[in-house]
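# Inside the fold
Take a look at the letters that make up each chain.
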Amino acid sequence: MTQTMEKVKTDPYLEKFGHFEAQTQQPSWLFPLRKAGIASFAEQGYPTLQDEDWRFTNVAPIANRPFQPVFEATGQKISVEALEQFPFSKLPGSKLVFVNGHYAPDLSKLRGLPAGVKAGNLAAMLPPNAAFLEKHFARYAQTNGNAFTALNQAFFQDGGFVHVPNGVTVEEPIQFVFVSTTKQTGATISPRNLVIAEANSKVTV
């Protein structure tokens, strides 16, 4: 009976996942990783107080809300002036801003990056860097035993990407800023960040 109840709870997630089957812009290797993520989540379900790592954290309020992934860049606009109210806003360096999970180029800035360093939003970096990213993506954040990581792997839309080659130092920090303005009940935003700092390199994110 318990297994049946858990399966019913994951059905809305499986239905929403159909959105990605129609996508043609994602690299061919990415969809199997998404499928592995949703399959892992469907098998695990949300953690409960019976799970050792979660025995002090009740996630039932999350599990009981409707699941509404934010697929499109929607919601209230945010101004540059509003961003200046955030902590670290006065720091020098580069800033990648995401509003409701989607990259906001008009609010972002890239400056002072040494030659060879790549920084930007993951969605834009995927097509031109597919061969390189395939070697790294979903290799470090493990889905086994972590339902939230599995759900993120299935539904991520965008996020920060930084690659610093061997021996290169990035003097100024690179900020990832995530802002949520959506008021939809159950709206779910799944940013996915990938930072690759090769041997003997230095970077602050």
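This text follows the structure it describes.
Residues numbered from 1 in each chain as written. Predicted model: local features only at pLDDT ≥ 70, side-chain atom pairs only at ≥ 80, totals over all residues. Heavy atoms only, no water.

### A word on the overall build of the protein chain
Along the backbone of the protein chain there are seven helices and eight strands. The globule rule puts the C-alpha radius of gyration for 205 residues at 17 Å, and the 18 Å found for the protein chain is close to it. Seen along its three principal axes, the alpha-carbon backbone of the protein chain occupies a region of about 60 × 40 × 35 Å. Within the protein chain, buried positions represent 42% of all 205 residues. The contacts in the protein chain between residues at least 6 apart in sequence include a share of 76% that link residues at least 24 apart. Entry remark: accessible area of the protein chain is about 11,800 Å², with carbon and sulfur atoms responsible for 53%. Positive and negative charge centroids in the protein chain, built from 18 and 17 side chains respectively, lie 3 Å apart. (Helix = DSSP H or I, 4+ residues; strand = E, 2+ residues; numbered from the N terminus. Rg over C-alpha atoms; globule rule 2.2 N^0.38 Å. Buried < 20%, exposed > 50% of the residue type's maximum accessible area, 1.4 Å probe, protein only. Contact = heavy atoms within 4.5 Å. Areas by Shrake-Rupley, 256 points an atom, 1.4 Å probe, with all protein chains shown as cover. Lys, Arg positive; Asp, Glu negative; His and termini not counted. Charge placed at Lys NZ, Arg CZ, Asp CG, Glu CD.)

### Description of the sheet that holds strand 3 (residues 102–103)
The mixed open sheet is built from three strands, whose spatial order is 3-2-6. For this open sheet the edge positions go to strand 3 and strand 6 (174–179), each flanked by a neighbour on one side alone. Where strand 2 (residues 94–99) and strand 6 come together, six bridges link them in parallel fashion. Note on strand 6: the bridge partner recorded for S94 is I174. (Pairing = 2+ DSSP bridges.)

### As for the nonpolar core
Of all hydrophobic cores here, the largest spans 15 residues; its most connected members are Y13, F17, I38, F41, L151 and F155. Within the residue set of this core, elements represented by two or more residues are helix 1 (2–17), helix 2 (30–44) and helix 7 (147–155). Excluding anything up to four places from it in sequence, F155 contacts Y13, K16, F17, F20, R34, I38, F67, P69, F71 and S190. One finds W29, L133, F156 and L194 within the second-largest nonpolar core, a separate group that totals 14 residues. (Core = buried A, V, L, I, M, F, W, Y, C linked by side-chain atoms within 4.5 Å.)

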